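Architecture and fold: a report
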Amino acid sequence: MRRSSFLRFLGTPLLVGNLLLVTATAMAAPPSQDFHQWAATPPMGWNSWDAFGTTVTEAQIKQQTDFMADKLKAHGWQYITVDIQWYQPTAQGHGYEEGAALTMDDFSRLVPAPEKFPSAAGGQGFKPLADYVHSKGLKFGVHMMRGIPRQAVKQNTPLLGTHLRAADIADINSICSWNPDMYGVDMSKPGAQGYYDSLMQQLADWGVDFVKVDDLSRPYQEHQAEIEAIRKAIDKTGRPIVLSTSPGETPLSAGAHVNQHANMWRISDDFWDHWELLLDQFKRLHDWTPYRTAGAWPDADMLPLGIVEFDRPTRFTRDEQITLMTLWSIARSPLIHGGDLTRTDPFTLSLLTNDEVLAVNQHSAHNRQLFRTDDGLIAWVADAADGKGKYLAVFDTRDASAAAAGNRPVPVEMSALGLQGQVQVRDLWSRTPLKPVHGTFNPEVAPHGARLFLLTPTDSSASKP
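Residues numbered from 1 in each chain as written. Predicted model: local features only at pLDDT ≥ 70, side-chain atom pairs only at ≥ 80, totals over all residues. Heavy atoms only, no water.

Regarding the domain arrangement of the protein
Looking at the assigned domains, one finds that the protein contains domain 1 (35-363) and domain 2 (371-457). Each of domain 1 and domain 2 has a C-alpha centre, and these two points are 34 Å apart. Taken together, the contacts link 25 residues of domain 1 with 21 residues of domain 2. Buried surface at the junction of domain 1 and domain 2, summed over both partners, amounts to about 2,000 Å²; 67% is from carbon and sulfur atoms. The three residues of domain 1 that bury the most area against domain 2 are F282, I330 and E356, which together make up 29% of that side's buried surface. E356 is the partner of R426 in a salt bridge, and the nearest nitrogen-oxygen pair spans 2.7 Å. At the junction of domain 1 with domain 2, the criterion picks out 9 residue pairs in polar contact (both at pLDDT 80 or more). Among the elements of the structure, helix 9 (275-287), helix 10 (318-330) and helix 12 (355-363) are those that each provide at least two residues to the side of domain 1 that touches domain 2. Looking at the side of domain 1 that touches domain 2 element by element, the count peaks at 8 residues for helix 10. When grouped by side-chain class, the residues that make up the side of domain 1 that touches domain 2 number 13 nonpolar, 7 polar and 5 charged. (Domains from an automatic or database assignment. Contact = heavy atoms within 4.5 Å. Buried area = accessible area lost by both parts, 1.4 Å probe. Salt bridge = Lys/Arg side-chain N within 4 Å of Asp/Glu carboxyl O. Polar contact = N/O pair within 3.5 Å; in protein donor to acceptor, adjacent residues only side chain to side chain. Helix = DSSP H or I, 4+ residues; strand = E, 2+ residues; numbered from the N terminus. Nonpolar A, V, L, I, M, F, W, Y, C, P; charged D, E, K, R; others polar.)

Listed below in structure tokens is the structure:
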């Protein structure tokens, strides 16, 4: 799914056939509900990319699943997603192997490599692993690349349910700049929609609940027909599969289209643990506010917390980690953790299990930036679920060199939040009540830090929308 390697596909492909044949007659009726209902709140889960890159195995997925079921499920976390190149048996690191042979069925579709996912052998695909995740009360997701395998086009393998072959629908001029696996699909060609139908039906048959389709968003307009095809194909399966599009930066001009076709979409390139990247997300999340609606969420990307890239701790300081979680929560970005769950330290676990903070992400409304000053003070506000209180997030985004000057206040007028009279204050990160305020609230914030509050008027009638 990533830009880490720009290797070109040069090698001779290998066809591995007879894996999970799905007949066209197995297609189910369309679901009766709008797909937005399948992600009525921002999805919360884990994705294998940050910790394991292209190398994640079935055993590791089960370990992550067990941890989530034991430690995180009670707090709302539910998705376990296998990221890119689960079909490439010799993949290494966060790059892509030049000329690698991909595991593929007889109908031009990639399938899990048994070398990584032993339960996929014999045509089982991801169903046994999905069943394991489901047995823990969680949901299972996979990553896919836009298009059709170049390997399928070179071998000109059949398409399910037709007399057509891969070369009949491939657009060999539509390629991903950072991954060598796929060609685009020319949606004007006969059989193109049927190919996407077969892909999504395969996911449904496996029991997939979440699909992240990569190489869709840049450039968005050139890939719009394939986005629409994927939406149609998912709906046709009858299974509520949450759709995430990637990577960014999805243009704002696509907002009215993407929020009618996807449940979440990336708003930036890959997000890693560097302060400059975190700072950039403030403006992006603000700019995307008009297009955020229930079931359609601008996605600021994964949370690189804990242990990432196989064996290193996050580069973010503790203050920056709190800023990350506060911004993603108040802006209602999906929360997709990327660190190795099995090596979660107590501080990281405290970030992931603070129910009062997670409630802001899951159950607030009218989330918006309140102000941003030239000297780096930022405030966001949202309505609490009870309709009476307000959530307030305040940030100090000064350069870290300002730390010597200490914390500074971020003045917020209660009237700007529609609050009058005396206001009760609760600090959500410390889970403690503070002294009531009247008129102006002046919480102090550390450089690169954040604080998050629930503000409730003493007299509920004093709160205005």
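There is more to say, and it comes next.
Description of the packing of helix 9 against helix 10
Helix 10 packs onto helix 9 with a crossing angle of 20 degrees between their chain directions and a minimal axis gap of 11 Å. Taken together, the axes of helix 9 and helix 10 are roughly parallel relative to one another. Helix-helix and strand crossings are classified by hand; for helix 9 and helix 10 the assignment is left-handed. Where helix 9 approaches helix 10, its residues W275, L278, Q281, F282 and L285 are matched on the opposing element by E320, T323, L324, L327 and W328. Of the residues assigned to the contact of helix 9 with helix 10, the class counts are 7 nonpolar, 2 polar and 1 charged. (Axes fitted to C-alpha atoms, helices over the stretch in contact; angles between N-to-C directions. Parallel < 35°, antiparallel > 145°, perpendicular 65-115°, else oblique. Left-handed = near helix turned anticlockwise from the far one by under 90°.)

Quick word on the sheet that holds strand 13 (residues 335-337)
If you walk across this open sheet you meet the 8 strands as 10-9-8-7-3-2-1-13, and the pairing is parallel. Strands at the two margins of the open sheet, each flanked by one partner only, are strand 10 (297-299) and strand 13. Across the sheet, the axes of successive neighbouring strands diverge by a mean angle of 25 degrees, strand direction being ignored. For strand 2 (residues 79-82) and strand 3 (residues 139-145), the ladder comprises 4 bridges, and the chain directions are parallel. Residue pairing in the sheet places Y79 in a bridge with K139 of strand 3. (Pairing = 2+ DSSP bridges.)

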